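Below are the chains, spelled out letter by letter.
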Amino acid sequence: MGLIEIILTAIGLSMDAFAVSICKGLSTKDVKPRHSLVTGLYFGLFQALMPMLGYFLGVNFQDAISSIDHWIAFILLSLIGMSMIKESRDDDEGDDSYDFKTMILLAIATSIDALAVGISFAILDVDILTSSALIGLITFCLSAFGVKAGCRLGSKSRSRAELIGGVILILIGLKILLEHLGLLSF
């Protein structure tokens, strides 16, 4: 997996957090810089940590699954992508609380898919530190921006962000599968 695929994966993974950030911005009457910073830090940190956790879990099982690893990566990324596409059709509004309990639960919920991607990274032998750092940084930036944008844009942006993120993850999974099967080479 090259740098472009990792960046695209990071963007795709950050779409859940971005969408929730937009909802936070929509539901906060007076968005302050600290709202953006808090949201970016929680979401960016968890999006960076979860792939590392998944990676270390995946490394322990790599020998047992090496013959089907491309299928696992494809299935995991496709399931995450389809879930994001499904969520893009929901019209949930967020709440305006930025307390520890609310933010930790949102951060975990939006980063579960990054855990599965981390398992895929172990299978694909991706540099986990660089990948996790990029995922965390991109998620931080998009989440911080999402809070501010949410108070200006409206709920349609959340749906589009999740839809685009889901499609990106499915396409990356398909690319991995097709490359392994020899049907695609870059």
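Residues numbered from 1 in each chain as written. Predicted model: local features only at pLDDT ≥ 70, side-chain atom pairs only at ≥ 80, totals over all residues. Heavy atoms only, no water.

Once that is clear, we can look at unusual backbone geometry. In this structure, D125 is a non-glycine residue whose phi angle is positive, near 55 degrees. Looking at D125, the relative accessible area reads 61%, which means it is exposed. (Buried < 20%, exposed > 50% of the residue type's maximum accessible area, 1.4 Å probe, protein only.)

This brings us to the packing of aromatic side chains. Two aromatic rings are characterised by how far apart their centres lie and by the angle between their planes. Enumeration over the complete set of coordinates arrives at four aromatic pairs. A centroid spacing of 5.5 Å and a plane angle of 90 degrees characterise the contact between Y55 and F56, whose relative ring orientation is edge-to-face. When its relative accessible area of 13% is taken as the criterion, Y55 is described as buried. Sitting above the plane of the Y98 ring, K24 keeps its charged end 4.6 Å from the centroid. (Phe/Tyr/Trp six-rings, centres within 6.5 Å; stacked < 30°, edge-to-face > 60°. Lys NZ or Arg CZ within 6 Å of the ring centre and 35° of its normal.)

By the secondary structure assignment, I11 is in helix α1 (residues 3-27). Once the C-alpha coordinates of I11 and I135 are considered, the two residues, 124 residues apart in sequence, prove to be 7.4 Å apart. Not counting the four nearest positions on each side in its chain, I11 is found in contact with I138 and I168. (Helix = DSSP H or I, 4+ residues; strand = E, 2+ residues; numbered from the N terminus. Contact = heavy atoms within 4.5 Å.)

This brings us to a nonpolar patch on the surface. Taken together, the side chains of I68, W71, I75, L79, M82, L181 and L183 define a hydrophobic patch exposed on the protein surface, amounting to about 690 Å² of accessible area. Mapped onto the secondary structure, W71 falls in helix α3 (residues 69-87). Residue W71 is classed as partly exposed on the basis of its relative accessible area of 38%. (Patch = residues over 30% accessible without salt bridge, like charges linked within 9 Å, V, L, I, M, F, W, Y side chains within 5 Å. Areas by Shrake-Rupley, 256 points an atom, 1.4 Å probe, with all protein chains shown as cover. Salt bridge = Lys/Arg side-chain N within 4 Å of Asp/Glu carboxyl O.)

Note that every value here comes from positions in space, so none of it alone points to a role or purpose.
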